[in-house]
Amino acid sequence: MKHLLIRNGRIVNPDGCFDGDLLCTDGRVAALGRELPSPAGAEVIDAGGLLVLPGFVDPHVHIHLPFMGTLAKDTWESAGRAALLGGTTTLIEMICPARGDDPWEAYQLWRGKAEGVAACDFSFHMGVSRHDAGTDQALRRIVSEGVASFKVFLAYKGAFGVDDAELYRTLTLARELGVVVAAHCENETLVAERCRELLARGVTGPEGHHESRPPQVEAEGVHHFTSFLELTGATGYIVHLSCREALEEALAARRRGVRLGIETLIQYLLLDKTHAELPNFEGAKYVMSPPLRDRANQEVLWRALRNGEIDTVATDHAPFDFATQKRMGLGDFTRIPNGIPSLQDRVALLHGEGVVAGRLDLPAFVRCASTNAARWFGLFPRKGVLLPGADADVVLMDPRRGETISAARHAMAVDYNPFEGRTAVGSVRSVFLRGQPVVQEGKFVGRPGSGKFLARAPGIG
Ligand code: URP
Ligand code: ZN
Ligand code: ZN
């Protein structure tokens, strides 16, 4: 048997913390306590002064992403390494087939990109971009493979977006199968009309992007989606919620009895629309959908995280190079590939700006960056908690050490970092994936291909 004994750390779980030891055996958590006896042959690590945290789960990333006439930059090799360096041990990627693609083939394509390449564990949400005669059968087969959640886009019509009949059919099937449906909520007709008006008025720069998608556009999308949930009885999960208006719609739906998870992003908590207004086309680095908002929304989102109204903080990692890909939208903001990379920095930033800044306590930090995602997507208690039987995915973080974020040092395969120059207080020193060291002293020591596909059963944990 292989034992790993982590001594004298501050062990943080979703329901509390204590100072003590964590014993892992053969890749699983075996015991927690004070002054645990050391089994013969155990590797013993002194975690004095460090936080001992469950491996973090990012429930919304894009790695293989053909989108807006280009392809996102990361591979599973670069993304897996970057995730682990940042303390994220599990990624859930969106499978995003184009409207004409076959769902089963898309599932195999996306899975094939990760399998044998990823150094972290991984799972998928199955994107539904069309719903016709053969779709139900294909989706049933994909769910039976362990991909127990769907993703729909109410935006991006003609690319990933579904119409209302397709949305209704997808939710009806999801209800029958007991799978959660994640949704990008924006009213595409309003976006298209406003883009047309803005371009006609000569607004062509990146700042036009947020003008084309104001909060009402997102709130209408949330209202639309939750009305369909109410009618079908399906369970929904709103991805990348950015603003007060959308939050109010989501909470109103919950009050009507709709089962609904709510995700925000580290970008919305820390960046605002003035970033997309930076001169010399720099703003293009900050173009994503829904767009970055007025700063006042940040406190609304932090408060909702603190009181548990928002369940998760994800990244929606979507890396497009500034030098080449973002420039496709010079002279027409509607052609700027949407997305802001952040997969590597989410955990440290959330710790620094959440815990150190006094907005979140340590258990809330763990809940919204790990446990709740595991619960919502059928990974709990295997992931998201340090309890006997859980996978020994463990992060040792120095909560006082600050690190300055820079594209020059990050491991993501993209030529800029939206948090360039910011210091994140909370340094990931060591990471273990199922008991194996994958980061030591802040350096990657994992192995591409050693990440596992996590088959998930329907239902929330
Ligand atoms: O702008 C974004 N969010 N890009 C990635 C695709 C999506 O909408 O999730
Ligand atoms: Zn989206
Ligand atoms: Zn996304």
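For the structure given in this document, a descriptive report is provided here. (Residues numbered from 1 in each chain as written. Chains lettered and ligands numbered in written order. Predicted model: local features only at pLDDT ≥ 70, side-chain atom pairs only at ≥ 80, totals over all residues. Heavy atoms only, no water.)

## Focus: the environment of Ser 406
Part 1: Looking at the element boundaries, Ser 406 is found in the loop between β16 (394-404) and β17 (423-433).
Part 2: Once you skip the residues sitting within four places of it in the chain, Ser 406 turns out to touch Asn 417 and Glu 420.
Part 3: Looking at Ser 406, its side chain comes within polar contact range of the main-chain nitrogen of Ala 408, at 3.0 Å. (Helix = DSSP H or I, 4+ residues; strand = E, 2+ residues; numbered from the N terminus. Contact = heavy atoms within 4.5 Å. Polar contact = N/O pair within 3.5 Å; in protein donor to acceptor, adjacent residues only side chain to side chain.)

## Overview of the coordination of the zinc ion (ligand 3)
Part 1: Surrounding the zinc ion (ligand 3) are the protein donor atoms His 60 (NE2), His 62 (NE2) and Asp 316 (OD), which sit 2.0 to 2.1 Å from the metal.
Part 2: Donor residues for the zinc ion (ligand 3), ordered by position in the chain, follow H-x1-H-x253-D.
Part 3: In this structure, the zinc ion (ligand 3) lies 3.8 Å from the zinc ion (ligand 2). Of this pair, His 60 sits in strand β6 (residues 56-61) while Asp 316 sits in the loop between β15 (312-314) and α11 (346-356); the two residues are 256 residues apart in sequence, bridging distant segments of the chain. Across the pair, exposure class does not vary: His 60 and Asp 316 are buried alike. (Donors = N, O, S within 2.8 Å, 3.2 Å for Na, K, Ca; no water. Buried < 20%, exposed > 50% of the residue type's maximum accessible area, 1.4 Å probe, protein only.)

## A word on the pairing of strand β10 (residues 121-127)
Part 1: Most of β10 sits out of view: 7 of its 7 residues are buried.
Part 2: Of the two faces of β10, the one carrying Asp 121, Ser 123, His 125 and Gly 127 and the one carrying Phe 122, Phe 124 and Met 126 are both buried.
Part 3: When β10 meets strand β11 (residues 149-153), the two strands line up parallel, connected through 2 bridges. When the sheet's bridge partners are listed, Met 126 is paired in β11 with Phe 150. (Pairing = 2+ DSSP bridges.)

## Observations regarding the nonpolar core
Part 1: Membership of the largest hydrophobic core comes to 138 residues, with the highest contact counts inside it found for Leu 53, Met 126, Phe 150, Phe 225, Leu 269, Leu 350 and Phe 365.
Part 2: Per-element accounting of this core gives the leading share, 8 residues, to helix α12 (residues 362-376).
Part 3: Residues within four places of Phe 225 in sequence aside, it is in contact with Val 152, Leu 154, Leu 167, Leu 171, Val 181, Ala 183, Cys 185, Gly 236, Tyr 237, Ile 238 and Leu 260. (Core = buried A, V, L, I, M, F, W, Y, C linked by side-chain atoms within 4.5 Å.)

## Comments concerning the site of ligand 1
Part 1: Around ligand 1, the structure places His 60, His 62, Phe 153, Tyr 156, His 184, His 240, Met 288, Ser 289, Asp 316, Ala 318, Asn 338 and Gly 339.
Part 2: His 184 places a side-chain nitrogen or oxygen 3.0 Å from an oxygen atom of ligand 1.
Part 3: Isolated, ligand 1 exposes 260 Å² of accessible area, and the fraction of that covered by the protein chains is 100%.
Part 4: The residue inventory of the shell around ligand 1, partitioned by class, reads 4 nonpolar, 7 polar and 1 charged. (Near = heavy atom within 4 Å. Areas by Shrake-Rupley, 256 points an atom, 1.4 Å probe, with all protein chains shown as cover. Nonpolar A, V, L, I, M, F, W, Y, C, P; charged D, E, K, R; others polar.)

## Some words on the environment of Val 300
Part 1: Locating Val 300 in the fold gives a position in helix α10 (residues 296-306).
Part 2: According to the relative accessible area criterion, Val 300 is buried, its value standing at 13%.
Part 3: The contact partners of Val 300, leaving out residues within four places of it in the chain, are Arg 244 and Leu 247.

## Here we look at the state of the cysteines
One covalent bond between the sulfur atoms of two cysteine residues makes up a disulfide.
Part 1: Across all of its chains, the model carries 0 disulfides by this definition.
Part 2: Free cysteine Cys 24: the closest other cysteine sulfur is in Cys 17, separated by 18 Å.
Part 3: Judged by its relative accessible area of 1%, Cys 24 falls in the buried class.
Part 4: Cys 120 carries a free sulfur, and the closest cysteine sulfur to it, the one in Cys 96, is 17 Å from it. (Disulfide = S-S within 2.5 Å.)

## Remarks on the side chain of Asp 332
Part 1: Tracing the backbone shows Asp 332 in the loop between β15 and α11.
Part 2: Asp 332 has contacts with Leu 199 and Thr 204, leaving out every residue within four places of it along the chain.

## Regarding the sheet that holds strand β9 (residues 88-95)
Part 1: In space, the 8 strands of this open sheet follow the order β6-β9-β10-β11-β12-β13-β14-β15, with parallel pairing throughout. Two strands bound the open sheet, and with one partner strand each, they are β6 and β15. Averaged over all pairs of adjacent strands, the angle between strand axes in this sheet comes to 30 degrees, irrespective of strand direction.
Part 2: Lying on the sheet, α12 is in contact with β6, β12 (180-184), β13 (236-238), β14 (260-265) and β15; it crosses β6 at an angle near 65 degrees. (Axes fitted to C-alpha atoms, helices over the stretch in contact; angles between N-to-C directions.)

## What to know about helix α1 (residues 76-85)
Part 1: In terms of burial, α1 is largely enclosed, as 8 of its 10 residues are buried.
Part 2: Buried residues of α1: Trp 76, Ser 78, Ala 79, Gly 80, Ala 82, Ala 83, Leu 84 and Leu 85, and no others.
Part 3: Residues of α1 that are buried sit in contact with β9, α2 (103-114), β10, β17, β18 (436-440) and β19 (443-444).
Part 4: Trailing α1 by a residue or two, Gly 87 shows a phi angle of about 95 degrees, which is positive.

Remember, this is a structural readout, not a statement about activity or role.
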